[in-house]
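Survey of secondary and tertiary structure
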Amino acid sequence: MEHLYICEIKHKPPRWQDDIEDSQWLEVLRPFTAVKYLYLSREFASRIAPALQVFAGEVLPSLQNLFLEDLHPSGPVQGAIGKFVAARQLAGHRIAVSYWAGKQDG
């Protein structure tokens, strides 16, 4: 699988809790080794960004493009995404960060 969408389903209450730990996100993302395009909704970006920062070298090794529903997230999300991208760049894996309108492509 090359495209991975992590977003809330409209009109359905979320079934997950706000207290998901970074290590739990690691376990969720670890199997997706072939993903090249990651799409994060505004709501999930704030929860996943810290885990991406911490585990930059351990998850999504093929990732090339990160699409955010909110291209200019504020505060901690922006910092975590920036650190994730910088860590991947230092390892020789460039990642482009782009805006995503929140609809699945195809």
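The structure displayed is predicted, hence computed values, not measured ones. (Residues numbered from 1 in each chain as written. Predicted model: local features only at pLDDT ≥ 70, side-chain atom pairs only at ≥ 80, totals over all residues. Heavy atoms only, no water.)

Considering the nonpolar core
Counting 27 residues, the largest nonpolar core has Ile6, Leu38, Leu40, Ile48, Leu52 and Ile81 as its most contacted members. The set of elements that each furnish at least two residues to this core consists of strand 1 (3-6), helix 1 (22-29), strand 2 (37-40), helix 2 (42-54), strand 3 (65-68) and helix 3 (75-90). (Core = buried A, V, L, I, M, F, W, Y, C linked by side-chain atoms within 4.5 Å. Buried < 20%, exposed > 50% of the residue type's maximum accessible area, 1.4 Å probe, protein only. Helix = DSSP H or I, 4+ residues; strand = E, 2+ residues; numbered from the N terminus.)

As for the packing of aromatic side chains
Ring pairs (aromatic) are described by centroid distance and by the angle formed between their planes. For the structure on display, the rule yields five aromatic pairs. With a centroid separation of 5.8 Å and an interplanar angle of 55°, the aromatic rings of Tyr5 and Trp100 are classed as tilted. Of this pair, Tyr5 sits in strand 1 while Trp100 sits in the segment after strand 4 (96-99), and the two are 95 residues apart along the sequence. Where Tyr39 meets Phe67, the ring centres are 4.7 Å apart and the plane angle is 10°; that geometry is what we call stacked. Of the two residues, Tyr39 sits in strand 2 while Phe67 sits in strand 3, which places them 28 residues apart along the sequence. With relative accessibility at 16%, the residue Phe67 sits in the buried group. Taken together, the aromatic side chains of Tyr5, Tyr39, Phe67 and Trp100 make up a single cluster linked through ring pairs. (Phe/Tyr/Trp six-rings, centres within 6.5 Å; stacked < 30°, edge-to-face > 60°.)

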